[in-house]
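Overview (structure and organization)
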Amino acid sequence: MRELILDTFNNRYTCKGYDNTKKVSDEDFRVIMEAARLSPSSMGLEPWKFVLLNNKDIKEKIKPYSWGAEVSLDGASHFVLILARKQKDMKYDSDYVEYMMNDIQHFTDELRTARKNKLKSFQEDDLKLLENDRAFFDWSCKQTYIPLANMLTAAALLGVDSTPMEGFDKEKVEKVLIEEGVLDPEHFGLATMIAFGYKNREHRPKTRRSLEEVMEVVE
Ligand SMILES: Cc1cc2nc3c(=O)[nH]c(=O)nc-3n(C[C@H](O)[C@H](O)[C@H](O)COP(=O)(O)O)c2cc1C
């Protein structure tokens, strides 16, 4: 198991060029999306949505504003937008929080009240998010990097190449997505993108600082 873990992380590379004739199987893509869906989130509120973008027109429209996604928009088998929820959904007293705690987490009335009180003080006092739309969105965005990472690892385990992306002009891409009816700006913003497929060129060797450099032990 240790060897498998290390091999997987050592052999995962960001794909910088896709073979557009090769498709990821439905079965593999489904497993990758399950890795996203099953990811943990703060208080289990799942502040994300994943959009599989197959529409070629929309891909062409966002390309000019997505410098980091050009090769993926052209050649990747699957291209996914990761959306993050805004204050309207993530605030302790929102309809979405109520839905999550009631319909998904199945909390009793008593537990739901306690959790909402906790969420209120967490958002107000600890995270200091309240009445700051950008802070709320960034809180959600930070959490989307967990499914992003899990998808990268799941893909690597399946031998699927992938590209995580934040190289885009958020406002301009969002404008296109809103116009095309892909993104509801009241509830969501664009956090990141991720593509899957099979590479058409070799990547540069992996470079990382040593474990000694990135880790410190405090006794
Ligand atoms: C949050 C994040 C955003 C990234 N954005 C882009 C991007 O827009 N386009 C791209 O080609 N690569 C992008 N990368 C890939 C990085 O350049 C890459 O992970 C890094 O150089 C290390 O290389 P490796 O993934 O091959 O190990 C991104 C990676 C992360 C984690």
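Since the model is a prediction, treat every value here as computed from it, not as a measurement.

**Here we look at the nonpolar core**
Ranked by size, the top nonpolar core spans 23 residues in total, and within it Ile62, Phe79, Leu81, Leu177, Leu190 and Met193 carry the most contacts. Looking at this core, the elements with two or more residues in it are α3 (56-62), β2 (78-85), α9 (170-179) and β4 (188-197). Residue contributions to this core peak at four residues, all from β4. The contacts of Met193, once residues within four sequence positions are left out, are Ile62, Ser66, Ala69, Phe79, Val80, Leu81, Leu148, Thr163, Pro164, Met165, Phe168 and Val173.

**So, the sheet that holds strand β3 (residues 161-165)**
Two pairing modes exist for strands in a sheet, parallel and antiparallel, and in both the strands are linked by backbone hydrogen bonds. With respect to topology, four strands assemble into an open sheet ordered β1-β2-β4-β3, the strand pairing being antiparallel. At either margin of the open sheet sits one strand with a lone partner, and together these are β1 (48-52) and β3. When strand polarity is set aside, the average angle formed by the axes of neighbouring strands in this sheet is 25°. Pairing between β2 and β4: eight bridges, direction antiparallel. Across the sheet, His78 pairs through a bridge with Phe196, a residue of β4.

**Concerning the UniProt feature "domain: Nitroreductase" (unreviewed entry) in the protein chain**
Under the feature "domain: Nitroreductase" (unreviewed entry), the UniProt entry names residues 11-177. Overall, residues 11-177 shows 55% helix and 11% strand. The separation of its end C-alpha atoms is 34 Å.

**Digging into the environment of Phe122**
Tracing the chain through its elements places Phe122 in helix α7 (residues 109-126). Considering only alpha carbons, one finds Phe122 and Glu171, 49 residues apart in sequence, at a separation of 29 Å. Apart from the residues lying within four places of it in its own chain, the contact partners of Phe122 are Ser42, Met43, Leu127, Lys128 and Trp139.

**Concerning the side chain of Ser77**
Along the chain, Ser77 falls in the loop between α4 (70-75) and β2. Reaching out from Ser77, the side chain makes a polar contact with the side chain of His78 at a distance of 2.7 Å.

**A word on the packing of helix α6 (residues 95-104) against α7**
The N-to-C vectors of α6 and α7 enclose an angle of 140°; their axes lie 11 Å apart at closest approach. As summarised for this structure, α6 and α7 are arranged oblique, according to the angle between their axes. The handedness of the crossing between α6 and α7 is right-handed. Where α6 abuts α7, its residues Val97, Glu98, Met101 and Asn102 lie against Arg112, Arg115, Lys116 and Leu119. Here the contact of α6 with α7 is composed, by residue class, of three nonpolar, one polar and four charged.

**Section: the site of the ligand**
By nearness alone, 13 residues border the ligand, and Thr14, Lys16, Gly68, Lys206 and Arg208 come closest of all. Relative to its free-state accessible area of 610 Å², the ligand is covered by the protein chains to the extent of 67%. Here the shell around the ligand gets three residues from one element, more than from any other, and that element is β3. Per-class residue counts for the shell around the ligand are four nonpolar, four polar and five charged.

**Let's talk about the packing of aromatic side chains**
In total, this model carries five aromatic pairs according to the counting rule given. Between Tyr96 and Tyr99, the aromatic rings sit 6.3 Å apart at their centres with planes inclined by 45°, giving tilted as the arrangement. Of this pair, Tyr96 and Tyr99 both sit in helix α6, separated by three residues, roughly a single helical turn. By relative accessible area, which is 10% here, Tyr96 ends up buried. The class of Tyr99 is partly exposed, set by a relative accessible area of 39%. An aromatic cluster is present here, built from Phe122, Phe136 and Trp139 joined pairwise through their rings. A cation over a ring is seen here: Arg85 above Tyr96, with NZ or CZ 3.8 Å from the ring centre.

Rules used in this analysis
- Residues numbered from 1 in each chain as written.
- Predicted model: local features only at pLDDT ≥ 70, side-chain atom pairs only at ≥ 80, totals over all residues.
- Heavy atoms only, no water.
- Core = buried A, V, L, I, M, F, W, Y, C linked by side-chain atoms within 4.5 Å.
- Buried < 20%, exposed > 50% of the residue type's maximum accessible area, 1.4 Å probe, protein only.
- Helix = DSSP H or I, 4+ residues; strand = E, 2+ residues; numbered from the N terminus.
- Contact = heavy atoms within 4.5 Å.
- Pairing = 2+ DSSP bridges.
- Axes fitted to C-alpha atoms, helices over the stretch in contact; angles between N-to-C directions.
- UniProt positions renumbered as here; feature names shortened; annotations may be inferred.
- Polar contact = N/O pair within 3.5 Å; in protein donor to acceptor, adjacent residues only side chain to side chain.
- Parallel < 35°, antiparallel > 145°, perpendicular 65-115°, else oblique.
- Left-handed = near helix turned anticlockwise from the far one by under 90°.
- Nonpolar A, V, L, I, M, F, W, Y, C, P; charged D, E, K, R; others polar.
- Near = heavy atom within 4 Å.
- Areas by Shrake-Rupley, 256 points an atom, 1.4 Å probe, with all protein chains shown as cover.
- Phe/Tyr/Trp six-rings, centres within 6.5 Å; stacked < 30°, edge-to-face > 60°.
- Lys NZ or Arg CZ within 6 Å of the ring centre and 35° of its normal.

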